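# Overview (structure and organization)
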Amino acid sequence: MRSIAVILVCAGCLVAAPAGSHPHAWIDLESGALLDDQGRLTGIEIDWRFDAFYTAFVLDGTRPDQARQADLDKLAAENIGNLKDYSYFTEIEVDGQRQAVAPVDGFKTAMRGDQLWLHFVVPVATPVAAAAGHRLRYAVYDPTYFIEIRHVSKQAARVTGPGSTGCQTRLVEPRPPMEAIALAAGLDMSESGGDSLGRLFAEWVTVTCPTAPP
Amino acid sequence: MSDSTALSRRGVGLAVLVLAAMALAAFAAGLPDQLSWAIQNGQRSFHHLLVSAMQAIKAQGLAAGGGLIAASFAYGVFHAAGPGHGKLVISTYLATNDANLRRGIALSTVAALVQALTAVVAVGAVVWLLGASNRTAQTAAMALEQSSYGLVALFGAVLSFAAGRRLLGRLRRHAGDASDGHLDHDDHHHGHQACAHGPDAASLAGTRSLRQMVALVLAVGLRPCSGAILVLVFAEAAGLRLAGIAAVFAMAAGTAVTVASLAALAVHARRLALRLGAAAPEGGGRLGLWLDGVALAGGLAIMGFGVILFQAARVIAAHPLL
């Protein structure tokens, strides 16, 4: 009898945490900081693969292998347009200063198996010196944490462009506080934990470049 | 048994209850960060598991169906596939109202099955029959969800009203025959006195609780679980409608296991409290009063859950990617 009680308590505890909780969709991310020949940051290149459930949902009955390019383009244009008010889920900091972003111009989209793929570049409003001697970091996240956006691997965060020689990236894992995890765990599909929840679960990419060669 | 023994026994019982509550609260509040982060990450793995199980069926046919059923069942157990409020409402009801273990488990199981059925019917009617978009199905699901919350609030209100009326009646009787030694006549089967109208009252209470449970199942089950809707939508896109339905019911079975465990906990906790209460010196007499008071509190709590969830569901934040 006692052992049954113990089992029941354990089962109850396991269940107490996740109940229809946020996130409700996932994006596999690859990203890259773009540095021009003067070592200035011009933008962040973003490569998203949506999870198969989300993909099926937005394809609305169309089988993944039968999706028409025109429909995918329309969906992508709509999504990119909606994301404008959210800085394209991107936060960029140079030397501790948040950088404003400019509207995204153009995208690529296609199906990758069961997953919808979307590629775009978020330009910074004004290119800013970010290479040698500067501290550059950025994060790509959904502020509401409805969608969890994570890099597919440590190597999936890159730094590219003519000014990127010798530069390195480091992926900083999120360390969400307990309260945030508990809050997210209690949020169902139609609920919101506010626009500051996702930041606590964001991965940050820091870019360091070698000091100018002698 | 002397009064002092009874008192000390009650003291120990109370201490045990308080300690148990504190342990639970500490666990909920101080769950090690690493562990809860692992649980959070586990969700992603479960989704991947479901997707690959579905893809295996597409590639190898129904022979690979066992994997999907197992994955869905596990998803149901651990993710409790949706009925977050179901768990809360059902265990609150069972802890504050008279019910036996078997009924508690039946209640949880039927509620989980009804939720699965609601998801299948909602998606089936909106998407398969009407040919509407997934977004429309989502909207319909949200409307059902909100109705469910409203009904839960109503259910709580009815429970509170009934308990309040019983409580008032008892208080009046108490005032009436306070000089009499036998204070309580229609105490439930835990009472010591075998009164003349005991059986009648018990069967009456049984019918009442059965009716309440049916209402509870309908109120809770009207809300389709979001996980089930996603699986149905995905299965449809993969051309695996039947596999999707099977997966949803496997999920419901998993959910039922989870909710039934909590229900059993609630029933046992109530029993323990009753046993301790009966050992108290003034025992049986005041017990009925306390029980009705607890039932009133439970009803009010359920009404509170319903109202809060109903309010929260009204403010649906638009998401840029949905």
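If you're wondering where the values come from, they're calculated on a predicted model, not measured in any experiment.

## Describing the overall build of chain B
A count of helical and extended segments in chain B gives 10 helices and zero strands. Across chain B, helices and strands are ordered from the amino to the carboxyl terminus as α-α-α-α-α-α-α-α-α-α. Per-residue burial over chain B gives 46% buried out of 322 residues. In chain B, of all internal contacts separated by at least 6 residues, the share reaching a separation of at least 24 is 81%. Total accessible area on chain B is roughly 14,800 Å²; 71% of this is exposed by carbon and sulfur atoms.

## Brief notes about the overall build of chain A
Secondary structure summary: chain A contains four helices and 11 strands in total. Out of the 214 residues in chain A, the part that is buried amounts to 53%. Contacts in chain A between residues far apart in sequence, at least 24 positions, make up 75% of those at least 6 positions apart. Surface exposure of chain A reaches about 9,700 Å², of which carbon and sulfur atoms provide 53%.

## Examining the environment of L59 of chain A
Residues and elements named next belong to chain A. Within the secondary structure layout, L59 lies in helix 2 (residues 52-59). Spatially, the C-alpha atom of L59 lies 9.0 Å from that of L75, the residues being 16 residues apart in sequence. Among residues more than four places away in sequence, those in contact with L59 are P64, A67, L72 and M111.

## With respect to the packing of helix 2 of chain A against helix 8 (residues 226-237) of chain B
Between helix 2 of chain A and helix 8 of chain B, the least distance of the axes is 9 Å, while the angle of their chain directions is 70°. For the element pair helix 2 of chain A / helix 8 of chain B, the angle class is roughly perpendicular. Residue-level contacts link A52, F53, A56 and F57 of chain A of helix 2 of chain A to L230, V231, V233, F234 and A237 of chain B of helix 8 of chain B. The residue inventory of the contact of helix 2 of chain A with helix 8 of chain B, partitioned by class, reads nine nonpolar, no polar and no charged.

## Here we look at helix 8 of chain B
Residue and element names in this part refer to chain B. With 12 residues, helix 8 should cover 16 Å at 1.5 Å per step; its first-to-last C-alpha distance of 17 Å lies within 8% of that length. Most of helix 8 sits out of view: 11 of its 12 residues are buried. Buried within helix 8 are the following residues: S226, G227, A228, I229, L230, V231, L232, V233, F234, A235 and A237.

## Some points on the side chain of S31 of chain A
Residues and elements named next belong to chain A. Position of S31 among the secondary structure elements: in strand 1 (residues 25-35). Looking at S31, its side chain comes within polar contact range of the side chain of Y138, at 2.7 Å. A polar atom in the side chain of S31 sits 2.7 Å from the side chain of H151. Apart from the residues lying within four places of it in its own chain, the contact partners of S31 are E45, Y138, H151, A156, A157, R158 and V205.

## With respect to the state of the cysteines
Residue and element names in this part refer to chain A. All chains considered together, the criterion is met by one disulfide over all chains. Note on cysteine connectivity: C167 is disulfide-linked to C209, with sulfurs 2.0 Å apart. Linking C167 and C209, the disulfide has an S-S dihedral of approximately 110° and is accordingly described as right-handed. Linking C167 in the loop between strand 9 (157-160) and strand 10 (168-172) with C209 in the segment after strand 11 (204-208), this pair joins segments that are 42 residues apart in sequence. Here the two residues C167 and C209 agree in accessibility, since each one is buried.

## Examining the sheet that holds strand 4 (residues 97-98) of chain A
Residue and element names in this part refer to chain A. Reading across the sheet, the five strands line up as 4-3-7-11-10 and stay open at both edges, with antiparallel pairing between neighbours. Looking at the sheet topology across the chains shown, the edges are occupied by strand 4 and strand 10. Of the strand pairs in this sheet, strand 10 and strand 11 are connected by five bridges, and their pairing is antiparallel. Across the sheet, the residue bridging to V172 is W204, located in strand 11.

## Digging into unusual backbone geometry
Residues and elements named next belong to chain A. Backbone geometry at Y88 places phi at a positive 55°, although glycine is not the residue there. In this fold, Y88 is placed in the loop between helix 3 (69-83) and strand 3 (90-94). A positive phi angle is found at D95, which is not glycine, with a value near 50°. If you trace the backbone, D95 turns up in the loop between strand 3 and strand 4. By relative accessible area, which is 31% here, D95 ends up partly exposed.

## Structural notes on the confidence of the model for chain B
All names here are of chain B. Within chain B, residue pLDDT values average 77, and 72% of them lie at 70 or more. Mean pLDDT across the secondary structure elements of chain B bottoms out at helix 1 (residues 3-30), with 54, and peaks at helix 5 (residues 101-129), with 90. Per-residue pLDDT stays below 50 along residues 26-31; that stretch engages in seven contacts with residues further than four places along the chain or on separate chains. A low-confidence stretch, residues 180-199 (pLDDT under 50), is modelled with 31 contacts involving residues beyond four sequence positions or located in other chains.

## Focus on the side chain of D28 of chain A
Within the secondary structure, D28 of chain A sits in strand 1. For D28 of chain A, a relative accessible area of 14% puts it in the buried group. Among all residues touching D28 of chain A, those that are not within four sequence positions of it are D47, W48, R49, Q115, R150 and V152 of chain A together with R44 of chain B.

What counts as what
Residues numbered from 1 in each chain as written. Chains lettered and ligands numbered in written order. Predicted model: local features only at pLDDT ≥ 70, side-chain atom pairs only at ≥ 80, totals over all residues. Heavy atoms only, no water. Helix = DSSP H or I, 4+ residues; strand = E, 2+ residues; numbered from the N terminus. Buried < 20%, exposed > 50% of the residue type's maximum accessible area, 1.4 Å probe, protein only. Contact = heavy atoms within 4.5 Å. Areas by Shrake-Rupley, 256 points an atom, 1.4 Å probe, with all protein chains shown as cover. Axes fitted to C-alpha atoms, helices over the stretch in contact; angles between N-to-C directions. Parallel < 35°, antiparallel > 145°, perpendicular 65-115°, else oblique. Nonpolar A, V, L, I, M, F, W, Y, C, P; charged D, E, K, R; others polar. Expected span 1.5 Å × (residues − 1). Polar contact = N/O pair within 3.5 Å; in protein donor to acceptor, adjacent residues only side chain to side chain. Disulfide = S-S within 2.5 Å. Pairing = 2+ DSSP bridges. pLDDT = per-residue confidence, 0-100.

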